[in-house]
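# Coordinate analysis (summary)
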Amino acid sequence: MPQPTLARARFRDRSPYRQTSGKTHDNNSTITTSNNNTSQSLNRDSAKRRKAPKDSDDSLLDNALELKRELTEVEIVSNEEKLESYLKECLTECSRQRLRAIHMSMRRLGNVESRISLKDLHQAFQENSVKLSNRVFNLITETFVDHLGIDYEMLHRSMMRAQLLTRRDSVEAMLTQNNEDSRPESPREERDADYLHRLEEQLVLDQSFFDLEELQKSFQEKDKNNSGRISKEEVYRSCSDVHIPLYGALLKNLVTHCDGGQPDTVNWHEFVSYLDKSQKSAISKHPEMAALPERAKLKQMASPLDLMDPEKKSRIVKTLLKKVSESRVNVFAANTDLAEQETEKASPKTENESKTDDVAVSIENETSSNAQEMASESKKRESDLEETIVEMDQPTDLTMDETSLQNDAENANQTDTLADSYVTLRIKGKDVTLRKPAGYNVENASVDLPPEHLEIDWVYGYRGNDCRSNLYVLSNGEIAYFTASIAILYDRDAHSQRHYQEHTERIKSMAVHSDGVTIATGQVDSKAESSSEAHVRIWRADTLDTLHVLGIGLFEKSVMCLSFPKVKRSPTPPMSETDDVKLFNPEDQLVAIDNGPEKNITVWDVSSGEMVGKETLEAEVICDVEFNPKYPDTFVTIGKEHIAWWKVNGETNSLELTQQPLFDNYMKAKFVVCLTHNSKGDLITGDSNGTVYMWADGRNKITNFIKHAHDGPVFSLLLHKNVLLTGGRDSVVRSWQCGKTMEPLQTCEIPKTDGGIRTLVAHRNSLLMGTTTNAILSGEMSPHDPTPLEKMKLDEIPITQGHYGDCRGLTVTGDGKQRGHFLTTALDGISCVFSAEKHEPVWKLVMKGTPFHTVDASPMGNLLAFGTKDGHLLILNILEDHSFQEQYRHRITKEKVTCVKIAPDTNMVAAGCADKTVCIYRKQIKDDGMVLWELQGKCRGHHGSISSIDWSTEMSDDSYFLRTSSVAPEQLFWKVKSLEKIENVEDIQHICWASNLCTLDLSTVGLWSSTQADEGEVNAVDVNPAKTLVAMGDSSGYVSLFKYPSCRQGAFSHTYKAHQSVHALRFVGDGKHLVSLGGADSCIIQWKIV
């Protein structure tokens, strides 16, 4: 029967799926092709038969066999497709890992000819818990059987193709990835034309104008080498300084387009050329835009006052205004009412700024008359004031006509108000004008240190998302773990924490000595600070004193793994008087692995701080390392397609690779993820296939295994007495009876929202579970040794809870039952509520796929507003049982929502966006009680991304007011009802604000002159309820505490480094605590004010 064998040989070359224009081939096309080929072959054979001699029996026999073979081939195609359709239904819930496991079982039970009997095939599917009907087995036999048995290699490929048809999530993701066609890059000319069109379209839409002359001057100043290239940051800064109306994705793409293949610098000549061409094209198509440059020059007329020192400028203006006021006071006193009426009709900002400029022009050119020629008719009163100031040293003619006196009175009053209501300061090289609040007196402000200072009270979170072996129990019962750059020692009985804070960067690994007191922690290398290199710190848990610092300058990227021998410390023999060299104690060994390009492995003597040996690993990824308790000088490393046995030679100070694994017929996984040893020296490993292997007595051969211990990778292993506990990515803890059969016992499943089980640790009668969502859960184990998970329930309150994504949003709730609570959000879609008084999590909300960027809560905490990184605004109503009702979800901007704030009456929400706008939403309640949120309008006028928003406490003139700041930096005020920007200072001078979150304000301007603000960016500011302290968080990770108000330069502060970057901070409750968020380090720190 050679025919079926030939047919199968053809199908062995078929791939599981073929790609054509992003789609897999239809099975019918295969049949059609095969039929066509068969027809062509039959025609050829007929022709051959006609030419062959009639008595050629051998030729006729060959032709008949060939015809039968081709017909059989067509039949097998049909049978195989029918089989795949049946297998599709059976494999709907079967993963590709399960298919590989079936494949390995068939290999183990089959023969050397890749064939397997029907009985053994049944056993292979039963071992892997896959059920097939008798009809499917019959089809398998009909399709793949020959005289040697069933071809299991062909069967496996058919199963793989059938599994692709199931459209499981993993299959869909793989097909999507494989079907992505690379888009050809468009020609340079097309891209140039596209950018010019988009620039022109923006100019016409915004009716704006590029001040190319000022922009070119700014670029020339920054191009000190005259190379024609400057950095991208300098381009962005210059565009912002000159107020070029170009921002967002268009600006970023244009800058990238002009980099010429050098990602760090930009050809600014080319950049200016694009702006110039687009502007000329826009003016040619829209002639009315030709007047925009002239209008811009009139509005931004250069003033000599701008070139003066701020103090000198202020002194000159005050002197001039005082003389004008004294000479006119007796004349226009009777006409004050009329002047005030005309003042109300005018636009305060435009007139005030213009009058101040004209005063300066008069000082420099006393005989100038150009101002009247260039100004429009609406500027006539300004020129009158100019002429008055020029002649102020001459005797005043008191017989001036009444209209002139009224104009002089109006101008003098408005200019005097301008000088008294504004303060101009220089912040980060730019002049910033701020309005004076009521009662502002800079002379009474203090620059001294505040009497209060900060201490770390509590740290929330745990680094389990990307770290292993990160949870330990010390000899005194404390639980040791870490997050960010802080190692935490938690006393569960006293519900208290102690903190080791000597690290300068984020901690990546931890190990505890067998004495239960000595701890080793390894940190990552800092990208920003060259002084913060990767190293290992050896310290004592009882005193928090550092014993040794190891490996500075040796580790390249981070200390990935650490391990001490898991044996009791043996007594050190007394040294004789003749001994001058300390004996090497194997129990004091520490193995450390670097995560650099070369995986260097080093062994240290922690008693002396000296390195014992060093070797380089040949592995792409290292997951963990551990010493063998039976052989203290032997340890094992695991990782991606890697497992190796090593021996430490204390005499020669070297490391020796002793063994490599022998898998034989066992399936080798891509990753060996976790490991542990029992007291007999047996190694137990868990891999990415969900399999647990046992390697007896320090040897490299598998002696026992647990297949499909978990649905997915095994993350953690724990030997508890005579029971093996395993934790996996599937959020399940399973127990197994140690023995030859490794019988399964009980299981315990944690909520899917808590992620996978990263670490398992026994603490007295409790089982501690560190999860991949950076939480530590606990549950009481059964006192019966064989069944530790029997009836185990998780504790309602986790030991700690945190985020695994960038922490960005922070708000507090001040009234009712939630007083003293604060809420955090992160890009991982998790919102956590904590109690500052009880130091514990209260509840959490998980919305997977929603990248929360900012949050605010109503005073009672029942209304939450979220802003997301992808530009969505989300408003939720929180019920008593902590469930929620979604009231609003909509994308309000193409960029991220940077801040949100709920109005005091909870009927409005303001959302600040990265596109420099503030969106106002108002709540509407329908007759049926349904709540709707509608856009009232947008506030436009900022020159940078909105950083913070404050609402007024009460309404005035039937409207709330807003105070907003941006990263420019700048501060603006708005009337919410009309969405108008407030220019008249008197309208807002006596307003009380519900919060003090604006990063730039005159009462906190002293913060901007600090060293922290100069070296980094001011990301967050808050004032305590007593209004005696102001806290600042910056991009360098510092939290600073100033006296409030802090409106003078040179103010001193208490400064603390705890984060990689501080993204938010708030005073909580009555102001006794301060909470800060660390952004990428996912750390939440609660500070106590003492």
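In this text, all values refer to a predicted model and were calculated from it rather than measured experimentally. (Residues numbered from 1 in each chain as written. Predicted model: local features only at pLDDT ≥ 70, side-chain atom pairs only at ≥ 80, totals over all residues. Heavy atoms only, no water.)

### A closer look at the overall build of the protein
Stated precisely, the cut-off is as follows: Only runs of H or I of at least four residues qualify as helices and only runs of E of at least two qualify as strands under DSSP, and these elements are numbered from the N terminus. Residue contacts are defined here by distance: any two heavy atoms, one from each residue, within 4.5 Å place the two residues in contact. Here the accessible surface of atoms and residues is derived via Shrake-Rupley with a 1.4 Å probe, and residues count as covered only by protein chains that are part of the display.
Counting secondary structure elements, the protein contains 22 helices and 60 strands. Within the protein, contacts between residues at least 6 apart in sequence are counted, and of these 55% link residues at least 24 apart. When the accessible surface of the protein is totalled, it reaches about 52400 Å², and 47% of it is carbon and sulfur.

### Here we look at the sheet that holds strand β37 (residues 776–780)
Note the cut-off: Strands qualify as paired when DSSP identifies two bridges or more between them. Note on geometry: axes are lines fitted to C-alpha atoms, helical ones only across the stretch in contact, with angles between N-to-C directions running from 0 to 180 degrees.
Overall, antiparallel pairing links the three strands, which are arranged β35-β36-β37 in an open sheet. The open sheet has two free edges, formed respectively by β35 (757–763) and β37, since each of these has just one partner strand. Neighbouring strand axes in the sheet, compared pairwise and without regard to direction, differ in orientation by 20° on average. Two elements, β35 and strand β36 (residues 766–771), share six bridges in a ladder whose sense is antiparallel. Residue Val761 lies in a different strand from β36, and its bridge partner there is Leu768.

### With respect to the nonpolar core
As a reminder, the rule being used: For this analysis, a nonpolar core means a set of buried residues of the types Ala, Val, Leu, Ile, Met, Phe, Trp, Tyr and Cys, connected via side-chain atoms within 4.5 Å. Summary of the burial criterion: residues with accessible area below 20% of their type's maximum are buried, those above 50% are exposed, and those between are partly exposed, where the area comes from a 1.4 Å probe applied to protein chains only.
Ranked by size, the top nonpolar core spans 46 residues in total, and within it Leu454, Tyr481, Phe822, Leu1074, Ile1085 and Trp1087 carry the most contacts. Considering each element in turn, this core owes the most residues, five residues, to strand β10 (residues 454–460). Filtering out sequence-adjacent residues up to four positions away, Trp1087 remains in contact with Leu454, Glu455, Ile456, Asp457, Val1039, Tyr1056, Ala1058, Lys1072, His1073, Leu1074 and Ser1076. Membership of the second largest hydrophobic core comes to 27 residues, among which are Leu215, Leu250, Leu254 and Trp268.

### Looking at helix α11 (residues 232–241)
Definition in use: Taken from the helix axis, the directions to the C-beta atoms give the arc we talk about.
All buried positions along α11 are accounted for by Lys232, Val235, Ser238 and Cys239. With its buried residues spanning 125° around the axis, α11 presents them on a single face. Looking one or two residues beyond α11, the residue adopting positive phi is His243, at roughly 60°.

### Here we look at the packing of aromatic side chains
The line we're drawing: Pairing of aromatic rings covers Phe, Tyr and Trp, the last through its six-membered ring, and needs centres within 6.5 Å; plane angles under 30 degrees mean stacked, over 60 mean edge-to-face, and all others mean tilted.
Going through the model one piece at a time under the given rule, you end up with 22 aromatic pairs. Note on Tyr460 and Phe834: the rings are 4.6 Å apart at their centroids and 50° apart in plane angle, and the pair reads as tilted. Highlighted residues: Tyr460 in strand β10 and Phe834 in strand β40 (residues 830–835), separated in sequence by 374 residues. Following the ring pairs from residue to residue traces out a cluster consisting of Trp645, Phe663, Tyr666, Tyr693, Trp695 and Phe705.

### Remarks on the sheet that holds strand β15 (residues 507–512)
Spatially, the four strands line up as an open sheet ordered β15-β16-β17-β18, and their pairing is antiparallel. Sheet topology places β15 and β18 (546–550) at the edges, where each strand pairs with a single neighbour. Across the sheet, the mean angle from the axis of one strand to that of its neighbour is 20°, orientation sign disregarded. In the sheet, strand β17 (residues 536–540) pairs with β18 via four bridges, with the strands oriented antiparallel. When the sheet's bridge partners are listed, Arg537 is paired in β18 with Val549.

### Some details on the pairing of strand β59 (residues 1073–1077)
Taken across its five residues, β59 has five buried, putting it largely inside the fold. Direction of pairing for strand β58 (residues 1064–1068) relative to β59: antiparallel, over a ladder of five bridges. Paired with Phe1067 across the strands is Leu1074, a residue of β59. In this antiparallel pair of consecutive strands, β58 and β59, the connection spans four residues, and Gly1069 shows a positive phi of 60°. Across five bridges, the pairing between β59 and strand β60 (residues 1084–1089) is antiparallel. Within the sheet, the bridge partner assigned to Ser1076 lies in β60 and is Ile1085.

### Section: the environment of Asp605
With respect to the element layout, Asp605 can be found in strand β21 (residues 599–605). Between the C-alpha atoms of Asp605 and Asn585, which are 20 residues apart in sequence, the distance is 8.0 Å.

### Quick notes on unusual backbone geometry
Residues apart from glycine generally show negative phi values, whereas peptide bonds are mostly found in trans. With omega at 0°, the peptide bond leading from Ala968 into Pro969 counts as cis. As for its position among the elements, Pro969 is in the loop between β51 (961–966) and β52 (970–975). Note that the residue after Tyr1044, namely Pro1045, is joined by a cis bond; omega there is 0°. Phi angles above zero are rare outside glycine, and Ala484 is one such case at about 55°.

### Looking at the confidence of the model for the protein
Selection criterion: A residue's pLDDT is simply how confident the predictor is in it, with values from 0 to 100.
Mean pLDDT over the protein works out to 80, with 77% of the residues at or above the 70 mark. For residues 408–419, every residue scores under 50 in pLDDT, and the model assigns this stretch 29 contacts once sequence neighbours within four places are set aside.

### Looking at the pattern of salt bridges
Threshold: One side-chain nitrogen of Lys or Arg within 4 Å of one carboxyl oxygen of Asp or Glu is enough to make a salt bridge.
This structure, assessed with the given rule, holds 32 salt bridges. Residue Asp795 pairs with Arg492 through a salt bridge whose shortest N-O separation is 2.9 Å. Within this pair, whereas Asp795 is found in the loop between β37 and β38 (807–813), its partner Arg492 is found in the loop between β13 (486–491) and β14 (496–500), the two being separated by 303 residues in sequence. Since its relative accessible area comes to 22%, Arg492 is described here as partly exposed. The salt bridge partner of Lys630 is Asp697, with a shortest N-O separation of 3.0 Å. With Lys630 in the loop between β23 (622–627) and β24 (634–639) and Asp697 in the loop between β29 (692–695) and β30 (702–706), the pair connects residues that are 67 residues apart, well separated along the chain. For Lys630, a relative accessible area of 41% gives the class partly exposed. Residue classification places Asp697 among the partly exposed residues on the basis of a relative accessible area of 28%. The network of salt bridges with shared partners includes Arg115, Asp146 and Asp151.

### With respect to the packing of helix α10 (residues 212–222) against α11
To characterise two packed helices, one gives the angle between the axes of the helices and the distance between these axes. Basically, it comes down to this: Definitions for this section: a left-handed crossing has its near helix turned counterclockwise from the far helix by less than a right angle. A right-handed crossing has that turn clockwise. Three residue categories are used. Nonpolar comprises Ala, Val, Leu, Ile, Met, Phe, Trp, Tyr, Cys and Pro, charged comprises Asp, Glu, Lys and Arg, and polar comprises the others, including Gly.
At a closest axis distance of 10 Å, the pairing of α10 and α11 adopts a crossing angle of 145°. For the pair α10 and α11, the crossing hand works out as right-handed. Together, Leu215, Ser218, Phe219 and Lys222 of α10 and Glu234, Val235, Arg237, Ser238 and Cys239 of α11 make up the contact between the two elements. Residue composition of the contact of α10 with α11, grouped by class: four nonpolar, two polar and three charged.

### Remarks on the side chain of Ser563
Structurally, the position occupied by Ser563 is in strand β19 (residues 559–563). Sequence-distant contacts of Ser563, defined by excluding residues within four places in its chain, comprise Ala511, Gln589, Leu590, Val591, Val625, Glu626 and Phe627.

### Description of the environment of Arg135
With respect to the helices and strands, Arg135 occurs in helix α6 (residues 134–144). Take Arg135: its relative accessible area is 37%, and that puts it in the partly exposed class. Sequence spacing of Arg135 and Leu83 is 52 residues, and the spatial spacing of their C-alpha atoms is 9.3 Å. The contacts of Arg135, once residues within four sequence positions are left out, are Lys82, Tyr86 and Glu142.

### A few points about the pairing of β14
Of the strand pairs in this sheet, β13 and β14 are connected by five bridges, and their pairing is antiparallel. Pairing of Ala487 across the sheet is with Tyr500, part of β14. Counted between consecutive antiparallel strands, the loop separating β13 from β14 contains four residues, among which His495 sits at a positive phi close to 50°.

### Re the packing of helix α4 (residues 96–109) against helix α5 (residues 118–127)
Two numbers describe how α4 lies on α5: the axes approach to 9 Å, and their chain directions differ by 145°. Like other packed secondary-structure pairs, α4 and α5 cross with a definite hand, here right-handed. Residue-level contacts link Ile102, Ser105, Met106, Arg108 and Leu109 of α4 to Asp120, Leu121, Gln123, Ala124, Phe125 and Glu127 of α5. Grouping the constituent residues of the contact of α4 with α5 by class yields six nonpolar, two polar and three charged.

### Observations regarding the environment of Glu780
Mapped onto the secondary structure, Glu780 falls in strand β37. You can call Glu780 exposed: its relative accessible area is 55%. For the pair Glu780 and Leu768, spaced twelve residues apart in sequence, the C-alpha separation works out to 9.0 Å. Here Glu780 is in contact with Asn765, Ser766, Met792 and Lys793, once residues within four sequence places are set aside.

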